[in-house]
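Observations on chain architecture
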Amino acid sequence: MLRWAVHLEGGPRRVNHAAVAVGHKVYSFGGYCSGEDYETLRQIDVHIFNAVSFRWTKLPPYGSDRRDHSPQVPYMRYGHTAVLLDDTIYVWGGRNDTEGACNVLYAFDVNTHNWSTPKVHGSIPGARDGHSACALGKCLFIFGGYEQLVGGNAPGRSGEIETSEEDGEGGSRGSEDSETVLHWLMVRGPAIQEELSTLSFEQLQELLRQSGLKVYNQVAYGPRKGDVTPKGNGPHKNRPIEMSTKQPVPYLRKVVPVQKRMVRDPRFDDLSGEFKPDIYEKTYSFLSDVRNKEKKVIKKKLGKVKNAKQKEKLECLLQRMTQQDEVEKKNQQQRERMMKFKQSQRAKVQQGSKPYFLKKSDQRKLELTEKYLDLKKRGKVERFLASRRKRNATKDRRNLPGKKSH
């Protein structure tokens, strides 16, 4: 059974963005968010999620500190796709409220974080958004989408897809000095069967997994006999019936009963479940490893940083994490202590004794007993008592008559 383990905040709040996983990092490009101005030609933003440190970072604007648009950098958009080939992420398509849809191919180098526009030729597909894309070998497959001028159909009904393949072996793809030229090709009818015949079995399985069985069969073998292909750009005759929201007002007013709002208190609600520390520790035990890695990283940074403010900030962070570990260790010892007591009580009950439940004062006595035994084992009882006597003497001097409180 699948379940969520960690819920993280701080990432970009977007829809219709494009994301690609590269190793232990996830690159997120653009997307739509309510409240943002999409009538400006600012550069597309790139957010990176590190799956090891669980942190989001945002790359600075490419080329300068301004938000202006550069020709080799895609403008802010939504409904586009991003596909990884080797060490380059290809971003294609998408829409902006100012420029509309786009059909320029952009390349993003994951090593240098540089943008470029590779040279392309062939049957360049029309500008569109809402399409899907995948990569097989050296080919980039574009499926369907909404075309700016034509209003393209889905690939399953049209029986055609578009691919972009690399010509030649030389050049570093994605750089400004690249000699690689990408070739666009419209594949339809028997031509797509010839194109698919050149792929290996593993590549065909990957294409089937990403596109789905229905789309794959319609693209590879053509539409079935019962399928009807619409003519032109008009609506399909088998489309879902649109229901009007305009309803006539009845003569008599319809009284709708209002249900009483039930206030839910999570403290006394069974839906909230029961907190079990042992199950929680087993489920989230990996978080301690993540915390230890973060502490090692902070210690390394602390040894290299020279700025006094940054050093003080790192020291406070390290001290807080150390204190959290100590508190967790203390809580763990207390749980183990109570577990041992419960086990001993169960054994006595089985022998006929009455059960005995510890009060808070009794739990405090057990805690002090273990603390005394630990100090005695390490030979620090006298030192602890001397410190306690000194502290009590200081309190007594403050409470003597004639002393002014400050």
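A brief structural summary.

Quick notes on the rules
Residues numbered from 1 in each chain as written. Predicted model: local features only at pLDDT ≥ 70, side-chain atom pairs only at ≥ 80, totals over all residues. Heavy atoms only, no water. Phe/Tyr/Trp six-rings, centres within 6.5 Å; stacked < 30°, edge-to-face > 60°. Helix = DSSP H or I, 4+ residues; strand = E, 2+ residues; numbered from the N terminus. Buried < 20%, exposed > 50% of the residue type's maximum accessible area, 1.4 Å probe, protein only. Contact = heavy atoms within 4.5 Å. Salt bridge = Lys/Arg side-chain N within 4 Å of Asp/Glu carboxyl O. Core = buried A, V, L, I, M, F, W, Y, C linked by side-chain atoms within 4.5 Å. Pairing = 2+ DSSP bridges. Patch = residues over 30% accessible without salt bridge, like charges linked within 9 Å, V, L, I, M, F, W, Y side chains within 5 Å. Areas by Shrake-Rupley, 256 points an atom, 1.4 Å probe, with all protein chains shown as cover. Lys, Arg positive; Asp, Glu negative; His and termini not counted. Charge placed at Lys NZ, Arg CZ, Asp CG, Glu CD.

**Considering the packing of aromatic side chains**
- All chains considered together, the criterion is met by eight aromatic pairs.
- Between the aromatic rings of Phe-29 and Trp-115, the centroid separation amounts to 5.8 Å while the plane-to-plane angle is 80 degrees, which identifies the pairing as edge-to-face. Of this pair, Phe-29 sits in strand β2 (residues 25-29) while Trp-115 sits in strand β10 (residues 115-116), and the two are 86 residues apart along the sequence. Both residues of the pair, Phe-29 and Trp-115, count as buried.
- Ring geometry for Tyr-32 against Tyr-78: centres 5.2 Å apart, planes inclined by 70 degrees, an arrangement best described as edge-to-face. Note that Tyr-32 is positioned in the loop between β2 and β3 (46-50) and Tyr-78 in the loop between β4 (55-58) and β5 (81-85), a separation of 46 residues in sequence.
- Judged by its relative accessible area of 33%, Tyr-32 is partly exposed.
- Grouped by ring-pair contacts, the aromatic residues Tyr-27, Phe-29, Phe-108 and Trp-115 constitute a single cluster.

**Looking at the environment of Val-26**
- Take Val-26: it is sitting in strand β2.
- Residue Val-26 is classed as partly exposed on the basis of its relative accessible area of 27%.
- With 21 residues separating them in the primary sequence, Val-26 and His-47 have C-alpha atoms 8.2 Å apart.
- Discounting residues that sit within four places of it in the chain, Val-26 has contacts with Ala-19, Val-20, Ala-21, His-47, Ile-48 and Phe-49.

**As for the pattern of salt bridges**
- Using the criterion set out here, one finds 12 salt bridges in the structure.
- Among the salt bridges present, the one from Arg-55 reaches Glu-294, with a minimum N-O distance of 3.4 Å. Within this pair, whereas Arg-55 is found in strand β4, its partner Glu-294 is found in helix α6 (residues 286-304), the two being separated by 239 residues in sequence.

**Considering the nonpolar core**
- One finds Tyr-27, Phe-29, Ala-82, Ile-89, Val-91, Phe-108 and Trp-115 to be the most contacted residues of the largest nonpolar core, which totals 20 residues.
- Of all the secondary structure elements, the ones that give two or more residues to this core are β1 (18-22), β2, β3, β6 (88-92) and β9 (106-109).
- Excluding residues within four positions of it along the chain, Ala-82 makes contact with Ala-18, Val-20, Phe-29, Ile-89, Tyr-90 and Val-91.

**Details of the pairing of β1**
- Both β1 and β2 contribute to a ladder of five bridges, which runs antiparallel. Counterpart to Val-20 in the pairing with β2 is Tyr-27.
- Hairpin connection between β1 and β2: a loop of two residues separates the two successive antiparallel strands, and Gly-23 in this loop has a positive phi of roughly 65 degrees.

**Remarks on a positive patch on the surface**
- Positive charge collects at one region of the surface, where Lys-293, Lys-296, Lys-299, Lys-300 and Lys-304 lie side by side.
- Considering the arrangement of structural elements, one finds Lys-300 in helix α6.
- In this structure Lys-300 comes out as exposed when scored by relative accessible area, which is 60%.

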